[in-house]
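The residues making up each chain are set out below.
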Protein chains: 2
Amino acid sequence: MYVTVLGAGDMGTAICAPIAANGHDVRLWGTRFDDHVVAALRSGQVHPRLQYPIPGTVRIYGSNHLRDAVEHAELVVLAVTSSGIDPVLDLLLEIRPQPPVMVSLAKGLYRDPAGSVCLLCDHIERRTGSPALVVGGPAKANEVVMGLPTVSVLASPDAEALATTAEVMQTAMYRFQQTLDRTGVEISAALKNAYAIAVGVATGMELATGAPHQNFKAALFPAAVLELARLADALGGSAETVYGLSGSGDLTVTVSAGRNRLLGELLGRGQTVEEALGALTATGMTIEGHAAVDHGMALARQVTGNQAETLFPLLAALHAILYEDAPVFERLWDVVGNR
Amino acid sequence: MYVTVLGAGDMGTAICAPIAANGHDVRLWGTRFDDHVVAALRSGQVHPRLQYPIPGTVRIYGSNHLRDAVEHAELVVLAVTSSGIDPVLDLLLEIRPQPPVMVSLAKGLYRDPAGSVCLLCDHIERRTGSPALVVGGPAKANEVVMGLPTVSVLASPDAEALATTAEVMQTAMYRFQQTLDRTGVEISAALKNAYAIAVGVATGMELATGAPHQNFKAALFPAAVLELARLADALGGSAETVYGLSGSGDLTVTVSAGRNRLLGELLGRGQTVEEALGALTATGMTIEGHAAVDHGMALARQVTGNQAETLFPLLAALHAILYEDAPVFERLWDVVGNR
């Protein structure tokens, strides 16, 4: 099969390895933010962050060569950040007004100009008219490219598309659980970064005080999973999906590594939201969890109305902390300590 | 209230702090294995492992002075290891043939001489005729004694006993979620040590190869929670309990710290079961998870018959690894990679 991956970030680049290993014709296209990556890969160097080679059969395309990369694609993998989806779809739709089946590695919530929030995969399907499958679950890109044991989740309401697409991507060490519950997978992926901020606060308190806060971290973890499960359920997805690999599995990785946790860490160490965001963005990081808290709370209100604060107290606490300067520990402890 | 804690291990000693802080009359009794702890505490030193002082109002009793410690107790906290429960109940019942309400911090499964397995709390109630409440959830003893934020779970089918007993033990920073689902709490507590061995294997592979295995760890975690939930359900408890603080919350701590994980680590590094157990027991460690795998599998067979291997494939894999020398990675990967 002829597969084009859009976005040469860590995961976009990494996923070329298993697909190429299956003998497919893989083309990797970098956005204009990936020009340095494309230059490195084309000159035979490794990806600057992954630091691991990808199969030599993968063809690399720079931002100006989207047409060559995608013209004949039978499957398109969207591997850009959630904020990059619309600009990339603009470019894609010019070349392929009716794109083929898409697999989205982008995770998130989409807020339309009127302020209404939906799942990113629903937005992608509405814009393209093509089916969008979603990949979720715990998969650090460096381990995927190295062929280390990884189990991801592939979600689509279309069972046939699921089976075909999983076959294209999976290898002996990169496996896919298949589920029809795309909503449960997408909501977990979109909001894990939000909830990871809460657990990061406990880590920050450890660093600030020198005392372990494992009990507090462990109290926050299932509270986060419970709210993700509730939100999935309210949106017509399944709580079971969240309790599995897509939600609790992915969250175990997100809370122990990743950028979003760092925002919580700085707050737990006593920085203000402004200071913490300033420090992190100065290093070039995008803290997706910050916006995800706001979008998540908006979505919760959309589907549960004035019950949202009661049903999602941890998300509401994060919102109060990030957007209303609420006291950090007190607000989180009030949620988990008084259930 | 007059509260006696039986067992001067880490948790038994630590829990004296919140109870005494509530103004109760607390007596801590050490078994004959705790003589050195009792000697230290009585001479004004800190607990040798906790390394943190307990309130001066707590009275300390050595193994020969059980009568003085327990004669007038209105609440007894059982804080011995699961294998220590029967010897301690023998002693207790001589002095108090009808003991007062008991709170069990001991976790585990009890196997009677005929080979039948039951929850430890059920065994305690049968032997004593008194109600046994169970404490579960993530609570590292050193954090409890230091007054750091901790949320535990208190479980009993008796709602009134629950409320009264939680009031005795909880403080502003040591909170209790109350649940009627004692079975869900006890099964989580009993088998988390078993499943932690699996996650430990992934850590051992990291140490052996120098390559991260976070994806593999994250794949094992929800597989473990799912099986705990299934077993709770099969025993008449609730899966929700397992998805919460008692199961997934506690497991986050158990897999990142604790002795049972170490057995998995040594196996993941390539040691045989015999070598690994030998190395750990030589340092004086009791690896509860080893027996828990065997008891857990026996219990699973008791309640689900010949469906046990299908419903609990991860537990079955651990059993094959620990008791039948099955290949470690292959057996675990076969479970999570092929769901």
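Refer to the structure above for everything that follows.
For clarity, every value in this text was computed on a predicted model and none was experimentally measured.

Undergrad: Looking at this structure, I do not really get the relation of the copies chain A and chain B. What am I missing?
TA: What connects the two chain copies is a rotation about an axis and a shift along it. Each copy superposes on the other: chain A lies on chain B with an RMSD of 0.0 Å after a rotation of 180° and an axial shift of 0.0 Å. Interpreted geometrically, this transformation is the action of a two-fold axis. Taking the C-alpha atom as reference, chain A places A:Tyr243 closest to the rotation axis, 3.4 Å from it. Counting the interface residues of chain A, we find that 100% of their copies in chain B are interface residues as well, pointing to one common contact surface.

Undergrad: Help me out: how do you make sense of the sheet that holds strand 3 (residues 59-61) of chain A in this one?
TA: Across a sheet, paired strands are connected by hydrogen bonds in the backbone, their directions being either parallel or antiparallel. Residue and element names in this part refer to chain A. Strand order across the open sheet formed by eight strands is 3-2-1-4-5-8-9-10, with mixed pairing between neighbours. The outermost strands of the open sheet, each flanked by one partner alone, are strand 3 and strand 10 (174-179). Across this sheet, the average inter-strand angle for adjacent strands is 25°, counted without regard to direction. Of the strand pairs in this sheet, strand 9 (residues 150-155) and strand 10 are connected by six bridges, and their pairing is parallel. Directly across from Ser 152, in strand 10, lies its bridge partner Phe 176. Contacting strand 2 (25-29) and strand 3, helix 2 (residues 35-42) runs over the sheet at an angle of about 145° to strand 3. In the packing of helix 5 (residues 120-128) onto the sheet, the strands contacted are strand 4 (75-78), strand 5 (101-104) and strand 8 (132-136), and the crossing angle to strand 8 comes to about 155°.

Undergrad: Got a minute to help me understand the nonpolar core in this structure?
TA: Generally speaking, nonpolar side chains in soluble globular proteins are found buried as a group. If you look at the biggest cluster of nonpolar residues, it comprises 136 residues, and the most contacted ones within it are A:Leu191, A:Leu267, A:Leu332, B:Leu267 and B:Leu332. Setting aside chain neighbours within four positions, we find A:Leu267 in contact with A:Ile197, A:Val201, A:Thr272, A:Val273, A:Ala276, A:Ile321, A:Leu322 and A:Val328.

Undergrad: How should the sheet that holds strand 4 (residues 75-78) of chain B be read in this particular structure?
TA: Residues and elements named next belong to chain B. Read across the sheet, eight strands follow the order 3-2-1-4-5-8-9-10 without closing on themselves; strand pairing throughout is mixed. The open sheet has two edge strands, strand 3 (59-61) and strand 10 (174-179), and neither has a second partner. Adjacent strand axes in the sheet meet at a mean angle of 25° when their direction is disregarded. As defined by bridge partners, strand 8 (residues 132-136) adjoins strand 9 (residues 150-155) across three bridges and the pair is classed as antiparallel. In the sheet register, Gly 136 faces strand 9, and the bridge partner there is Val 153. Set on the sheet, helix 2 (residues 35-42) makes contact with strand 2 (25-29) and strand 3; between it and strand 3 the angle comes to about 145°.

Undergrad: I keep staring at the interface of chain A and chain B and nothing clicks. Help me out?
TA: One frequent convention defines the size of an interface as the accessible area lost when the parts assemble. Contact residues are listed per partner, giving 41 residues for chain A and 41 residues for chain B. Between chain A and chain B, the buried area comes to about 3,300 Å², and carbon and sulfur atoms account for 61% of it. The three residues of chain A that bury the most area against chain B are A:Asn215, A:Tyr243 and A:Trp333, which together make up 20% of that side's buried surface. One can count zero salt bridges joining chain A with chain B.

Undergrad: I tried to follow the pattern of salt bridges on my own but got confused; where do I start?
TA: Side-chain pairing between opposite charges can occur once the charged atoms of the two side chains come close. With the rule as written, the count across this model stands at 26 salt bridges over all chains. A salt bridge links B:Asp294 to B:Arg111; its shortest N-O distance comes to 3.1 Å. One end of the pair, B:Asp294, is in helix 14 (residues 288-304); the other, B:Arg111, is in strand 6 (residues 109-111), and 183 residues separate them in sequence. Each of A:Asp25, A:Arg27 and A:Arg59 takes part in a single network of salt bridges with overlapping partners.

Undergrad: Help me understand helix 4 (residues 85-95) of chain A, please; the structure alone is not making it clear to me.
TA: One turn of the α-helix equals 3.6 residues, which is why residues spaced by three or four share an orientation. All names here are of chain A. The complete set of buried residues in helix 4 reads Ile 85, Val 88, Leu 89, Leu 92, Leu 93 and Ile 95. Summarising the axial view, the buried residues of helix 4 lie within an arc of 150°, below the 170-degree limit, and thus occupy one face. In this structure, the buried residues of helix 4 make contact with strand 1 (2-6), strand 2, helix 3 (66-70), strand 4, strand 5 and helix 5.

Undergrad: Looking at this model, I keep getting lost on the state of the cysteines. Mind explaining?
TA: In protein structure, a disulfide is the covalent linkage between the sulfur atoms of two cysteines. If you walk through the whole model with that rule in mind, you get zero disulfides over all chains. A:Cys121 supplies the cysteine sulfur nearest to A:Cys118, a cysteine that is in no disulfide, at a spacing of 8.1 Å.

Undergrad: I would appreciate a short explanation of unusual backbone geometry in the present structure.
TA: Glycine aside, a negative phi is what most residues show, and trans is what most peptide bonds show. Of note, the phi angle at A:Asp325 is positive, near 55°, even though the residue is not glycine. Along the chain, A:Asp325 falls in the loop between helix 16 (313-324) and helix 17 (328-336).

Undergrad: Looking at this structure, how should I read the environment of A:Val153?
TA: All names here are of chain A. Mapping Val 153 onto the fold places it in strand 9. Val 153 sits in the buried class, given a relative accessible area of 2%. Leave out the neighbours within four places in its chain, and Val 153 touches Val 134, Val 135, Gly 136, Gly 137, Phe 176, Gln 177, Thr 179, Val 185, Leu 245 and Ser 246.

Undergrad: When you look at the packing of aromatic side chains in this model, what are you seeing that I'm missing?
TA: By convention here, two paired aromatic rings are described through the distance between centres and the angle between planes. A full pass over the atoms with the stated rule returns 10 aromatic pairs over all chains. When the centroid spacing of 5.3 Å and the interplanar angle of 75° are considered together, the rings of A:Phe216 and A:Phe329 count as edge-to-face. Residue A:Phe216 is found in helix 9 (residues 214-234), and its partner A:Phe329 is found in helix 17; the two are separated by 113 residues along the sequence. Since its relative accessible area comes to 0%, A:Phe216 is described here as buried. Ring centres of A:Phe221 and B:Phe221 lie 5.8 Å apart, and the angle between their planes is 80°; on these two criteria the pair is classed as edge-to-face. Taken as a pair, A:Phe221 in helix 9 and B:Phe221 in helix 9 (residues 214-234) lie in two separate chains rather than in one. Just as A:Phe221 is buried, B:Phe221 falls in that class too.

Undergrad: Would you mind showing me how to read helix 7 (residues 159-169) of chain A here?
TA: Residue and element names in this part refer to chain A. Regarding helix 7, the residues found buried are Ala 161, Leu 162, Thr 165, Ala 166, Val 168 and Met 169. An end-on view of helix 7 places all buried positions within 155° of arc, on one side of the element. Of the exposed residues in helix 7, the ones pointing more than 90 degrees away from its buried face are Glu 160 and Glu 167. Capping of helix 7 at its N-terminal end is provided by Asp 158; its side-chain oxygen lies 3.0 Å from the backbone amide nitrogen of Glu 160.

Undergrad: In this structure, what is going on with the packing of helix 9 of chain B against helix 11 (residues 245-256) of chain B? I would like to understand it.
TA: Geometrically, a packed helix pair is captured by the angle between its two axes and the distance between the axes. All names here are of chain B. Following both chains from N to C, one finds helix 9 and helix 11 inclined at 140°, their axes separated by 10 Å at the closest point. With respect to their mutual orientation, helix 9 and helix 11 come out oblique. For helix 9 against helix 11, the interelement crossing comes out right-handed. Counted together, Phe 221, Ala 224 and Val 225 of helix 9 and Ser 248, Leu 251 and Thr 252 of helix 11 form the full contact between these two elements. Here the contact of helix 9 with helix 11 is composed, by residue class, of four nonpolar, two polar and no charged.

Rules behind the numbers
Residues numbered from 1 in each chain as written. Chains lettered and ligands numbered in written order. Predicted model: local features only at pLDDT ≥ 70, side-chain atom pairs only at ≥ 80, totals over all residues. Heavy atoms only, no water. Least-squares fit on C-alpha atoms with pLDDT ≥ 70 in both. Contact = heavy atoms within 4.5 Å. Pairing = 2+ DSSP bridges. Helix = DSSP H or I, 4+ residues; strand = E, 2+ residues; numbered from the N terminus. Axes fitted to C-alpha atoms, helices over the stretch in contact; angles between N-to-C directions. Core = buried A, V, L, I, M, F, W, Y, C linked by side-chain atoms within 4.5 Å. Buried < 20%, exposed > 50% of the residue type's maximum accessible area, 1.4 Å probe, protein only. Buried area = accessible area lost by both parts, 1.4 Å probe. Salt bridge = Lys/Arg side-chain N within 4 Å of Asp/Glu carboxyl O. Arc of directions from axis to C-beta. Disulfide = S-S within 2.5 Å. Phe/Tyr/Trp six-rings, centres within 6.5 Å; stacked < 30°, edge-to-face > 60°. Polar contact = N/O pair within 3.5 Å; in protein donor to acceptor, adjacent residues only side chain to side chain. Parallel < 35°, antiparallel > 145°, perpendicular 65-115°, else oblique. Left-handed = near helix turned anticlockwise from the far one by under 90°. Nonpolar A, V, L, I, M, F, W, Y, C, P; charged D, E, K, R; others polar.

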